[in-house]
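Each chain is listed here by its residues.
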Amino acid sequence: MPDGGPFPIDDVRRRFPALERAAPFVFFDNAAGAQIPATVLDAVTDHLLMRNVQRGGPYRRSREVDAMIARARDSVAAFVNARSSDEIAFGLNATSFIRSISLAIGQTLDERQEIVVSELDHEANVATWLALERAGARIVWWHPNDAGRLNPADLSQLLTERTRLVACTMASNATGGIVDVADVARRAHAVGAEVFLDAVHYAPHASIDVQEIGCDYLVCSGYKVFAPHMGFAWCRREAINRLPTFREHFIPDVTPDKLEAGTYAYENVAGMDAAIAYLEHLGRGYLDRVGVPGEGVTRSVMIRAAMHTIAEYERTLSHALLDTAAAIPGVTVHGVTDRTQLHQRVPTLCFSVAGVESSAIADGLAAKDIGARSGHMYSPRLMKRMGLMPAGVVRASLVHYNTVEEIARFGEALHEVIGSSL
């Protein structure tokens, strides 16, 4: 896409009321949950005030809930470029969907009993598959390199006619490194295997196109993508409809119904719909700046434009983060540090400090009103492979409403915290 000029950071920040209300606090823990635009809060409040009822009834408010859910499915389908909205299911979070789908796959192993999992991944996308060993699954480990990166070419030694599925992340929630999942899908499908993707850490930072990637299952948590606490799953219709999932006997055995056991938080789904609308607004603004007329522009195109301009802006944040860390003695950054390879990472800074406990760094930053996190980031296997356990690392995770000025303040605070800890 063409250059859209300066990123509208001031307008973006005005749309997130928490940023002003919390000032001078700096939100650098967005990988654990991002803030929401005012329009998302309005959508949640409107739902609770006007139609806080169960769907499926004949009366107006219930029909409005049905319409809202249908609209939200359309929105999330546009967000991931699904073929159809019936490939989108809503629920609690990504982990619950991983568990539901893994349990179903565990009942269909047959002669394909091997599941490839990665040490890079969030434990939710590891432990759920390891649990299938009780059902006869054989776990095959895909190891990252010493820099904490997954090389899809390494799959050539792992994939066989016995491989049922490859489970991996799109971006490491610990280091921020991006995985070439389209290459993963090509290699897996070449041996007749399926691909399950965890998009949680990747989704706020760049566009997702499930058709272009060629995966079979993808899960995400809305609260990482500027929505309230909820989750969604995209599943290729032909793949999910073959699986035996739990549901009441009268629930249709087809997507999305077969993955939506029980009642979920409808108000949060309304918020997810509004979060996608926010991204569309951002994308429309980018297209206006580059002179693309509005007629005939689809929602998917506007969302892709939004994620393009977000990714471009966030590369400046990654650059500033890396420069800031490099200027402080004793700081070691884990993950992609090559400034010419910023497209292979998101603005997540994973680092440790020689001679200082990671928890002390995070506590010190907190005392200076900067929210960051320490520990293994739910990726203890990766931390162990990189020799970073038991203390783990410090993680500062940014999104597109963060600024270079906040990074400068973070750098000053980090320098002071380290100096007082040594």
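Calculation criteria
Residues numbered from 1 in each chain as written. Predicted model: local features only at pLDDT ≥ 70, side-chain atom pairs only at ≥ 80, totals over all residues. Heavy atoms only, no water. Helix = DSSP H or I, 4+ residues; strand = E, 2+ residues; numbered from the N terminus. Rg over C-alpha atoms; globule rule 2.2 N^0.38 Å. Buried < 20%, exposed > 50% of the residue type's maximum accessible area, 1.4 Å probe, protein only. Contact = heavy atoms within 4.5 Å. Areas by Shrake-Rupley, 256 points an atom, 1.4 Å probe, with all protein chains shown as cover. Lys, Arg positive; Asp, Glu negative; His and termini not counted. Charge placed at Lys NZ, Arg CZ, Asp CG, Glu CD. Pairing = 2+ DSSP bridges. Axes fitted to C-alpha atoms, helices over the stretch in contact; angles between N-to-C directions. Polar contact = N/O pair within 3.5 Å; in protein donor to acceptor, adjacent residues only side chain to side chain. Core = buried A, V, L, I, M, F, W, Y, C linked by side-chain atoms within 4.5 Å. Salt bridge = Lys/Arg side-chain N within 4 Å of Asp/Glu carboxyl O. Phe/Tyr/Trp six-rings, centres within 6.5 Å; stacked < 30°, edge-to-face > 60°. 1 Å grid on protein atoms, 1.4 Å probe; cavity = no way out; pocket = protein on both sides within 12 Å on 5 of 7 lines; lining within 4 Å. Points joined across faces, edges and corners; volume = space filled by probe spheres on them. Nonpolar A, V, L, I, M, F, W, Y, C, P; charged D, E, K, R; others polar.

Caption draft 1: View of the overall build of the chain. Looking only at helices and strands, the chain has 14 helices and 13 strands in total. Computed over its C-alpha atoms, the radius of gyration of the chain comes to 21 Å, within 12% of the 22 Å expected for a compact globule of 422 residues. Overall size of the chain, expressed as C-alpha extent along the three principal axes, is 65 × 50 × 40 Å. Classification of the 422 residues of the chain by burial places 56% in the buried group. Sequence-distant contacts in the chain: of pairs separated by 6 or more residues, those separated by 24 or more amount to 70%. Total accessible area computed for the chain in this model is approximately 17,100 Å², and 52% of it derives from carbon and sulfur atoms. Side-chain charges in the chain split into 41 positive and 50 negative, and the spacing between the mean points of these groups amounts to 3 Å.

Caption draft 2: Here's a closer look at the sheet that holds strand E9 (residues 331-333). Pairing within the open sheet is antiparallel, and its four strands lie in the order E9-E10-E13-E12. Sheet topology places E9 and strand E12 (373-375) at the edges, where each strand pairs with a single neighbour. Ignoring which end each strand starts from, the neighbouring axes of this sheet average 30° apart. Two strands pair when backbone bridges link them, and E12 and strand E13 (residues 393-397) are joined in this way by three bridges, in the antiparallel orientation. In the strand pairing of E13, serine 374 is matched with valine 394. Lying over the sheet, helix H12 (residues 358-367) contacts strand E10 (348-353), E12 and E13, oriented at roughly 165° with respect to E12.

Caption draft 3: Local environment of the side chain of histidine 400. Within the fold, histidine 400 resides in the loop between E13 and helix H14 (404-421). Classification of histidine 400 as buried rests on a relative accessible area of 0%. Separated by 2.7 Å, the side chains of histidine 400 and tyrosine 278 make a polar contact. Once residues within four sequence positions are removed from consideration, histidine 400 is found in contact with Phe7, Ile9, Val12, Phe16, Phe226, Tyr278, Leu282, Ile310, Tyr313 and Glu314.

Caption draft 4: Representation of the nonpolar core within the structure. Ranked by internal contacts, the top residues of the largest apolar core, which has 112 residues, are Phe79, Phe90, Ile208, Phe351, Ile361 and Phe410. Among residues more than four places away in sequence, those in contact with isoleucine 361 are Phe351, Val353, Val356, Val394, Leu414, Val417 and Ile418. Within the second largest apolar cluster, 29 residues are counted, among which are Ile101, Trp129, Ala167 and Leu243.

Caption draft 5: Fine view of the pattern of salt bridges. The full count for this structure, using the stated rule, is 32 salt bridges. As a salt-bridge pair, arginine 15 and aspartate 11 come within 3.2 Å of each other at their nearest N and O atoms. By relative accessible area, which is 27% here, arginine 15 ends up partly exposed. Among the charged side chains, a network of salt bridges with common partners joins Arg83, Glu87, Arg164, Glu194, Asp216, Arg236, Glu238 and Arg242.

Caption draft 6: Local environment of the packing of aromatic side chains. Summed over all chains, the structure comprises 13 aromatic pairs. Between phenylalanine 7 and tyrosine 313, the aromatic rings sit 4.3 Å apart at their centres with planes inclined by 10°, giving stacked as the arrangement. In this pair, phenylalanine 7 is assigned in the segment before helix H1 (9-14) and tyrosine 313 in helix H11 (residues 299-326), connecting sequence segments 306 residues apart. Each member of the pair, phenylalanine 7 together with tyrosine 313, is buried. Geometrically, the ring pair formed by phenylalanine 351 and phenylalanine 410 is edge-to-face, given 6.3 Å between the ring centres and 75° between the ring planes. With a gap of 59 residues between them, phenylalanine 351 in strand E10 and phenylalanine 410 in helix H14 connect regions that are remote in the sequence. We note that phenylalanine 351, like phenylalanine 410, is buried. Clustering of aromatic rings is evident, with ring pairs tying together Phe16, Phe226, Tyr278 and Tyr401.

Caption draft 7: Spatial organisation of unusual backbone geometry. Between alanine 23 and proline 24 the backbone carries a cis peptide bond, its omega angle lying at 15°. When you line up the elements, proline 24 lands in the loop between helix H2 (17-21) and strand E1 (26-27). One non-glycine residue with positive phi stands out, namely aspartate 369, at about 65°. Locating aspartate 369 in the fold gives a position in the loop between H12 and strand E11 (370-371).

Caption draft 8: Representation of the layout of surface pockets within the structure. Here the largest pocket defines a volume of roughly 540 Å³. Forming the walls of the largest pocket are 26 residues, and the residues nearest its centre are Ile178, Tyr202, Ala206, Ser207 and His343. By residue number, the principal contributor to the lining of the largest pocket is H11, which donates seven residues. Its residues assigned to classes, the lining of the largest pocket comprises 14 nonpolar, five polar and seven charged. Lining the second largest pocket are 24 residues; nearest its centre among them are Ala31, His122, Tyr223, Lys224 and Tyr378. Those elements that provide at least two residues to the lining of the second largest pocket are helix H5 (94-106) and E12. When grouped by side-chain class, the residues that make up the lining of the second largest pocket number ten nonpolar, ten polar and four charged.

Caption draft 9: Focus on the environment of alanine 31. Mapped onto the elements, alanine 31 comes out in the loop between E1 and helix H3 (38-50). On the basis of relative accessible area, alanine 31 is assigned to the buried category, the value being 15%. What alanine 31 contacts, discounting residues up to four positions off in sequence, is His201, Lys224, Arg395 and Ser397.

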